[in-house]
Amino acid sequence: MYVYEKAPAKINLSLDVLYKRDDGFHEVEMVMTTIDLADRITLEALEEDQIIIESESRFVPNDERNLAYRAAKLVKDTYQVEAGVRIFIEKNIPVAAGLAGGSSDAAAVLRGVNRLWKLALNIDELASLGSEIGSDVSFCVYGGTALAKGRGEQIVNLPAPPACWVVLAKPAIGVSTATVYKKYQGEKGEHPNTSSMIEALEIGDFKQLCDNVGNVLESVTLELHPKVRQIKHQMAQAGADAVLMSGSGPTVFSLAHQETRAQRIFNSLKGFCDEVYLVRMLGYRSNT
Ligand SMILES: C[C@](O)(CO)[C@H](O)COP(=O)(O)OP(=O)(O)OC[C@H]1O[C@@H](n2ccc(N)nc2=O)[C@H](O)[C@@H]1O
Ligand SMILES: Nc1ncnc2c1ncn2[C@@H]1O[C@H](COP(=O)(O)OP(=O)(O)OP(=O)(O)O)[C@@H](O)[C@H]1O
């Protein structure tokens, strides 16, 4: 038996850090949304009690370091599942990019093995398991648009953003999320207005949304990687309605209401940056 799952990337429309917690994590408030750039996950039931990871991408590990492996193992251990699974990952999301590629693969595996092994767990139970794998996994289990709080695992559903185009540019730099959080100095810089971002989504106001994009981790990554600043500048010059780094970076995205303008931004980044994508927001919420 085979089960197929789509694992979409996310972008952070806003990312605020409130304070550093005693457990070493940072208390955050983030508005995230899924975009139409996705890995494809195929799960095949195995009678033997093993988890096999396969991918043609040379950037992802094929052992227990893979978040997809950890997701399957967590479900097996928690629910004493004696069957196995072969997981094939068609990797389309750039790795270590700030787009939650690994987290989304893990979330897709949670949804997928739930169906494959007929466990009948509800979506909240899957999201709760996801939080044990990583801070972004709970959001990825639901998909759509949401406010994430706590260390990122407390999810409140939000309306989908107004229709627009998203151009993504990922420079050939790998960024460590842990390093960026460690270097973040809370007292410096401006904080995004999360309430105003939420209001923009509730009333469907694209301009208000664009005026309120913000990411407190951006200044840390800009300092470490000047190329990220150049990409931001280039996107703004090409007429983006909003430009922001996603997550801990280094991917920068721009939003554009008009397709022609999005195409212009895309063309201006091609040649300047290895990986450039022109996609739409997804804005769905899954209902397992
Ligand atoms: C930057 C974001 O991607 C924005 O969506 C997330 O906040 C990070 O999510 P993630 O990659 O799933 O993060 P995890 O794998 O849970 O944590 C990686 C590392 O980032 C740091 N970390 C992560 C989340 C958080 N709220 N505070 C932190 O300080 C911790 O040092 C942690 O060891
Ligand atoms: N299935 C997977 N896909 C991609 N990377 C994976 C996967 N499993 C483990 N990893 C490892 O996780 C690290 C981070 O990869 P990922 O693409 O998830 O980062 P990210 O987009 O920055 O995530 P986030 O936005 O959640 O911080 C990489 O170094 C990679 O080796």
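Throughout, residues of each chain are indexed from 1 in the direction in which the sequence is written. Working convention: letters from A go to chains and numbers from 1 go to ligands, in the order in which they are written. Local features are withheld for residues below a pLDDT of 70 in this predicted model, meaning they are given only at 70 or higher, and side-chain atom pairs are given and counted only at 80 or more; totals for whole chains, interfaces and linings count all residues.

**Concerning the UniProt feature "binding site: ATP" (unreviewed entry) in the protein**
UniProt positions are given in the numbering used here, feature names are shortened, and annotations may be inferred rather than shown by experiment. UniProt feature "binding site: ATP" (unreviewed entry): in the numbering of this structure it lies at P94, V95, A96, A97, G98, L99, A100, G101, G102, S103 and S104. Three exposure classes are used. Buried residues have 20 or more other C-beta atoms within 10 Å of their own C-beta, exposed residues have 12 or fewer, and partly exposed residues fall in between, all C-beta atoms being placed from the backbone. By C-beta crowding, A97 is classed as buried, having 22 other C-beta atoms within 10 Å. Excluding anything up to four places from it in sequence, A97 contacts K170, P250 and T251. Segments assigned H or I by DSSP are reported as helices when at least four residues long, segments assigned E as strands when at least two residues long, and all are numbered from the N terminus. Residue placement: S103 occurs in helix α2 (residues 101-116). Judged by local crowding, S103 falls into the buried class, with 26 C-beta atoms found within 10 Å. Setting aside residues no more than four positions away along its own chain, S103 makes contact with L67, G134, D136, V137 and C140. Once C-beta atoms are placed from the backbone, any two residues with those atoms within 7 Å are in contact.

**Some remarks on the packing of α2 against helix α3 (residues 123-130)**
Whenever a helix is involved, its axis is fitted only over the stretch in contact; in every case the axis is a line through C-alpha atoms, and angles between N-to-C directions fall within 0 to 180 degrees. At a minimum axis distance of 10 Å, the contact between α2 and α3 shows a crossing angle of 135°. When the interaxial angle is binned, α2 and α3 end up oblique. The hand of the α2/α3 crossing is right-handed. Mapping the contact onto sequence places A106, A107, L110, R111 and N114 in α2 and L126, L129 and G130 in α3. Three classes are used: nonpolar for Ala, Val, Leu, Ile, Met, Phe, Trp, Tyr, Cys and Pro, charged for Asp, Glu, Lys and Arg, and polar for all others, with Gly counted as polar. Residues of the contact of α2 with α3, tallied by class, amount to 5 nonpolar, 2 polar and 1 charged. Orientation labels follow simple angle bins: below 35 degrees gives roughly parallel, above 145 gives roughly antiparallel, 65 to 115 gives roughly perpendicular, and whatever is left gives oblique. In this scheme the crossing of two helices becomes right-handed for a clockwise turn of the near helix relative to the far one and left-handed for an anticlockwise turn of less than a right angle.

**Quick word on the site of ligand 1**
Near, as applied to residues and a molecule or strand, means the residue's backbone-placed C-beta atom lies within 6 Å of it. Neighbouring ligand 1 are 18 residues, the closest being G134, S135, D136, R151 and G247. Taken together, the residues of the shell around ligand 1 sort by class into 7 nonpolar, 9 polar and 2 charged. Each domain span listed reflects an automatic or database assignment of domains. Two domains share the shell around ligand 1, each providing at least three of its residues, namely domain 1 (2-157) and domain 2 (165-280).

**Digging into the environment of D136**
Mapped onto the elements of the fold, D136 is located in the loop between α3 and α4 (137-142). Once the C-alpha coordinates of D136 and E199 are considered, the two residues, 63 residues apart in sequence, prove to be 23 Å apart. Leaving out residues up to four positions away in the same chain, D136 has contacts with A100, S103 and G152.

**Regarding the pairing of strand β6 (residues 154-157)**
Only strands joined by at least two bridges in the DSSP assignment are considered to pair. Pairing geometry for strand β5 (residues 145-149) and β6, over 4 bridges, is antiparallel. If you follow A146 over to β6, its bridge partner there is N157. Linking β5 to β6, which pair antiparallel, is a turn of 4 residues; within it G150 sits at a positive phi near 70°.

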